[in-house]
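Here are the chains, one letter per residue:
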Amino acid sequence: INNDKLPPIEHEEEIQEEEASNEPEPAEEEPDEPEEPIEQEEPAPNQEAEGVEKGILIENPDSLDVIVNKKRNLPENYVPEDLTALTDIPTVLSNPEVNQLRKAAYEALKELFDAAKEEGYELHARSGYRSYYTQASLYTSYVENYGKAAADKYSAKPGQSEHQTGLSMDITCEAINYKLDTTFGETEEGKWVAENAHRYGFIIRYPKGKEDITGYAYEPWHIRYLGVELAEKIYESGLTLEEYFQQ
């Protein structure tokens, strides 16, 4: 990883307030993702990205219902073969890497954005696909600025981020200045997404009150594509992706 120019700190997973400690407090919103692609310099032999722990290695990363979390890791070399540029929807960042999704997810996202616009809500795509190496750089940057303990609370380790699947998108709107913040869930756009995303195959991946199950705090901006049938079932059940498959 080229650490000469680390990206701004990424506040991916905002955790609920805890008791004061000596650690510096991360920002209240998620800072910008890298504006330019990160040079994908592979680690030296026998050297793993900082903080990565052994867990279950996912054998079917191309599956639309794949579960990626702190216990289930994507292979380091996994890159979806059908990544598609987001050419027909509003985006926020100029980095071409994050302006990609897998083809099925992108087609569904266009339908979601079009439906929202018809009802007067304009959504923007902020961060989609991220490579293993981009996530490694973001995580390392967080460690350097806030320490490992804080990084493990607020940022996914490489291989443990859904963004690497190309099936997740962070969305935002003008009302919150196109940032990523929990107040998105209180905007009219955020409320509409929460009530309608499943109709287009998406779920709110990290819902409020499910932190102990998903490993991450409420992220109203992070939507995950599963396909309409499964997304509707999970929405109606009120369960997280983990809980649904553990039934």
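All values reported here derive from a predicted model rather than from experimental measurement.

1. Let's talk about the packing of aromatic side chains
- Under the counting rule described, the total for this entry stands at six aromatic pairs.
- Judged by centre distance (5.6 Å) and plane angle (75 degrees), the ring pair of Y132 and Y133 falls under edge-to-face.
- Judged by its relative accessible area of 8%, Y132 falls in the buried class.
- By relative accessible area, Y133 is classed as buried at 9%.
- Both rings, one in Y244 and one in F245, keep their centres 5.6 Å apart while their planes meet at 85 degrees; by these two values the pair is edge-to-face.

2. Considerations on the environment of I234
- Along the chain, I234 turns up in helix α6 (residues 228-237).
- Setting aside residues no more than four positions away along its own chain, I234 makes contact with I203, L226, L239, L241 and Y244.

3. Focus on the sheet that holds strand β8 (residues 219-225)
- Strand order in this open sheet of four strands is β5-β6-β8-β7, and the pairing throughout is antiparallel. Single-partner strands in this sheet number two, and they are β5 (124-127) and β7 (202-206). Taken pair by pair, the neighbouring strands of this sheet meet at an average axis angle of 50 degrees, ignoring direction.
- Alignment of β5 against strand β6 (residues 168-172), held across three bridges, turns out to be antiparallel. Note that in β6 the partner of A125 across the bridge is I171.
- With respect to the sheet, helix α1 (residues 103-118) is in contact with β5, β6, β7 and β8, its orientation differing from that of β8 by roughly 130 degrees.

The rules behind each value
- Residues numbered from 1 in each chain as written.
- Predicted model: local features only at pLDDT ≥ 70, side-chain atom pairs only at ≥ 80, totals over all residues.
- Heavy atoms only, no water.
- Phe/Tyr/Trp six-rings, centres within 6.5 Å; stacked < 30°, edge-to-face > 60°.
- Buried < 20%, exposed > 50% of the residue type's maximum accessible area, 1.4 Å probe, protein only.
- Helix = DSSP H or I, 4+ residues; strand = E, 2+ residues; numbered from the N terminus.
- Contact = heavy atoms within 4.5 Å.
- Pairing = 2+ DSSP bridges.
- Axes fitted to C-alpha atoms, helices over the stretch in contact; angles between N-to-C directions.

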